[in-house]
Amino acid sequence: MVHSANNQLIELKALPVAKHYYIAYSGGMDSTALLHSLCQQPTLTNRLTAIHVNHNIQAESTQWSIHCQQQCKQLNIPLITASVQLDDHSEAACRQARQTVFRQHLSSKDCLLTAHHLNDQVETMLFRMLRGTGILGLTGMNKTTAFAHYKIHRPLLDLSLEQIKSYVQLHQLSYVNDPSNLQNHYKRNHIRNLLIPELEKYDPAAVQNIALTGQNLQNSHNLLTQLIGTDNPLDYRQFTDVDMLSAALYHWLINLKQTAPSHKRLTQFSADCLSASSDKNPELKLNGCRLVRWQQRVYALSVTPEASGNEISTTLDSAAPPLVLPYGQIQFNSTRQLVIPVTIKYQQTHERIQLDANGQHKKPKNLFQVLHIPPWQRKHLPYLYIDNELMAIGSDILSAQFKQQLSAYKAEYRWLSPQYLL
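Now for a description of the structure that goes with this document. Here the structure is a predicted model, which is why all the values come from computation and not from measurement. (Residues numbered from 1 in each chain as written. Predicted model: local features only at pLDDT ≥ 70, side-chain atom pairs only at ≥ 80, totals over all residues. Heavy atoms only, no water.)

## Notes on the packing of helix α10 (residues 242–255) against helix α11 (residues 263–275)
Helix-helix packing is described using two parameters, namely the angle between the two axes and the distance between the axes. At a minimum axis separation of 8 Å, α10 and α11 run at an interaxial angle of 120°. Between α10 and α11, the interaxial angle falls into the category oblique. For the crossing formed where α10 meets α11, the hand is right-handed. Seen from α10, the contacting residues are Val242, Leu245, Ser246, Leu249 and Tyr250; seen from α11, they are Leu266, Thr267, Phe269, Ser270, Ala271, Cys273 and Leu274. Split into classes, the residues belonging to the contact of α10 with α11 amount to nine nonpolar, three polar and no charged. (Axes fitted to C-alpha atoms, helices over the stretch in contact; angles between N-to-C directions. Helix = DSSP H or I, 4+ residues; strand = E, 2+ residues; numbered from the N terminus. Parallel < 35°, antiparallel > 145°, perpendicular 65-115°, else oblique. Left-handed = near helix turned anticlockwise from the far one by under 90°. Contact = heavy atoms within 4.5 Å. Nonpolar A, V, L, I, M, F, W, Y, C, P; charged D, E, K, R; others polar.)

## Let's talk about the side chain of serine 31
Along the polypeptide, serine 31 turns up in helix α1 (residues 29–39). Polar side-chain contacts of serine 31 include one of 3.4 Å to the backbone nitrogen of glycine 27. Setting aside its immediate chain neighbours within four residues, serine 31 contacts Ile23, Ala24, Tyr25, Ser26 and Ala115. (Polar contact = N/O pair within 3.5 Å; in protein donor to acceptor, adjacent residues only side chain to side chain.)

## Regarding the pairing of strand β13 (residues 329–334)
Where a strand is regular, its side chains alternate between the two sheet faces. Only one face of β13 is covered, namely the one carrying Ile330, Phe332 and Ser334; the face carrying Gln329, Gln331 and Asn333 has none of its residues buried. Counted between consecutive antiparallel strands, the loop separating strand β12 (residues 323–324) from β13 contains four residues, among which glycine 328 sits at a positive phi close to 80°. Of the strand pairs in this sheet, β13 and strand β20 (residues 411–416) are connected by six bridges, and their pairing is antiparallel. Its bridge partner lying in β20, asparagine 333 is registered against glutamate 412. (Buried < 20%, exposed > 50% of the residue type's maximum accessible area, 1.4 Å probe, protein only. Pairing = 2+ DSSP bridges.)

## Examining α1
Since there are 3.6 residues in each turn of an α-helix, residues three or four apart along the chain are aligned in direction. Judged by how many residues are buried, α1 sits mostly within the fold: 10 of 11 residues are covered. Within α1, the full set of buried residues consists of Met29, Ser31, Thr32, Ala33, Leu34, Leu35, His36, Ser37, Leu38 and Cys39. Tucked into the core, α1 has its buried residues touching β1 (20–24), α2 (42–45), β2 (48–54), α3 (61–75), β4 (110–113) and α7 (161–170).

## Quick look at the packing of helix α5 (residues 118–131) against helix α8 (residues 187–202)
Relative orientation of the contacting elements α5 and α8 amounts to 105°, with a least axis distance of 10 Å. What the angle tells us is that α5 and α8 run roughly perpendicular. Listed contacts from α8 to Asn119, Val122, Glu123, Thr124, Leu126, Phe127 and Leu130 of α5 are Lys187, Arg188, Ile191, Arg192, Leu195, Ile196, Leu199 and Glu200. Considered class by class, the residues forming the contact of α5 with α8 number eight nonpolar, two polar and five charged.

Shown next as structure tokens:
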């Protein structure tokens, strides 16, 4: 929003709360306008630092750094200059180098301010649309984003390029021109320099209307986020169509702050979930987690180590801290000091355990089914033995003898499983 009373680009109250603000200052027109506008606000100048990253790509890059130093000196604003060496000159390499510099200088209480404007927003939306994206991609950039350990805020995102040009001309600001911005073999430059001007010839309000579309899509995405929620597992029985389930899983993963897989992989997993027989458990491995269908629900599971068949000889000590196991831990408490030598094994599915004093011994496999213990958890359940007698499997399956012993000593036994659900 333009502040016409004092010719400011932004209003201070619109900035997110932060201990210190850093501005990504390239020396170009957009960041120059943002820096100048911020410096006009006395309550902000003592909490503002500019960061200039020299990518060492253009012959003039050293002169640009000097220009940024001169401008910041005139504005009495501290400047951090970082010189980076890139493996290649791609947009991705430049972006990663800048992000590395920003991470080094910003703390969790700081905020990075960038000069992205309305035309950049539309450019991003068109770039993603031409690449193929979903509703979230078409919403464009958020005004404020959590990134790494700090926040990124884009104060100019509602302003058009023409408004920024007018501000620069009004204040006669000096800035640098990067010749690479005119090289249309870069996809973003092609969109910026050729496609958007043609759209504006067709309709002068094209940029504003496309941005409005992004806002409408953002509202729709917010509604989807609220409706789908973060419940884990996800009951997918209401989604009887592959495309619907795929879309639901995509937004569910975003809600869980997980990176969604490709459309192809997610569609295939959805088809497997809907078509696989009840005794099958389709699985999809992702970066940092995995999805598993079980009993008409999809579980998002954190990555855990493979279960080991190693046998452990130890003790249950009521006075000691929880017993840490390869998978989870055991809490053992008693009203008096109690130490019991035990053996712990894993995946002993051929064993039998007597739950009732006068009842039959039962197989763990049958008990798992009755108690609805999922397959991935069964692999990590500790089988607890005392004097070679099976006393417990996890927390839910305790023998009659073990329950009697616990009661006699007023003791409590509990296995805390690893955090399988995200």
